[in-house]
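Notes for the structure review
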Amino acid sequence: MRKKWEYGQIFVRQPDVFGGLPKTGLALEKVNRAGQEGWELVSTVPFTVPGGEVRGAFFIFKREVVDE
């Protein structure tokens, strides 16, 4: 039987960690909740403006779909 996956994303604002040492803590409440719900982080994609400044990041998740 083939596994089926569903995917989701969460946007996190101003992840300073992409620009070096973090200046403030990241707002990861949604990310932590996703992990508790069985979502697995598979990728992050920085959101940058034309000048190169990182304004946030998209966290991409997946979890297995269980047929009932």
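Residues numbered from 1 in each chain as written. Predicted model: local features only at pLDDT ≥ 70, side-chain atom pairs only at ≥ 80, totals over all residues. Heavy atoms only, no water.

Taken together, the 10 bridges between strand 1 (residues 4–13) and strand 3 (residues 54–65) define a ladder with antiparallel strand orientation. For Lys4, the partnering residue across the bridge sits in strand 3 and is Val65. Alignment of strand 2 (residues 40–48) against strand 3, held across 8 bridges, turns out to be antiparallel. Residue pairing in the sheet places Val45 in a bridge with Phe58 of strand 3. Connecting strand 2 to the antiparallel partner strand 3 that follows it, the hairpin turn spans 5 residues, and Gly52 within it adopts a positive phi of roughly 95 degrees. (Pairing = 2+ DSSP bridges. Helix = DSSP H or I, 4+ residues; strand = E, 2+ residues; numbered from the N terminus.)

Counting residues in each nonpolar core, the largest one holds 8 residues, listed as Ile10, Val12, Val31, Ala34, Trp39, Ala57, Phe59 and Phe61. Residue assignment for this core shows that the elements contributing at least two residues are strand 1, helix 1 (29–36) and strand 3. By residue number, the principal contributor to this core is strand 3, which donates 3 residues. Leaving out residues up to four positions away in the same chain, Phe59 has contacts with Gly8, Gln9, Ile10, Val12, Leu28, Val31, Leu41, Ser43 and Thr44. (Core = buried A, V, L, I, M, F, W, Y, C linked by side-chain atoms within 4.5 Å. Buried < 20%, exposed > 50% of the residue type's maximum accessible area, 1.4 Å probe, protein only. Contact = heavy atoms within 4.5 Å.)

Turning to the packing of aromatic side chains, a few remarks are in order. Pairs of aromatic rings are described using the distance from one ring centre to the other and the angle between the two planes. Under the counting rule described, the total for this entry stands at 3 aromatic pairs. Note on Phe11 and Phe47: the rings are 6.0 Å apart at their centroids and 80 degrees apart in plane angle, and the pair reads as edge-to-face. On the criterion of sequence distance, the pair formed by Phe11 in strand 1 and Phe47 in strand 2 is long-range, its members being 36 residues apart. Taken together, a centroid distance of 4.9 Å and an interplanar angle of 55 degrees make the contact between Phe11 and Phe58 tilted. Taken as a pair, Phe11 in strand 1 and Phe58 in strand 3 lie far apart in primary sequence, 47 residues in all. Owing to a relative accessible area of 31%, Phe11 belongs among the partly exposed residues under this scheme. Under the relative-accessibility criterion, Phe58 is labelled partly exposed at 25%. Ring pairs connect the aromatic residues Phe11, Phe47 and Phe58, which therefore count as one cluster. Over the ring of Trp5 we find Lys62; its NZ or CZ atom is 4.1 Å from the centre of that ring. (Phe/Tyr/Trp six-rings, centres within 6.5 Å; stacked < 30°, edge-to-face > 60°. Lys NZ or Arg CZ within 6 Å of the ring centre and 35° of its normal.)

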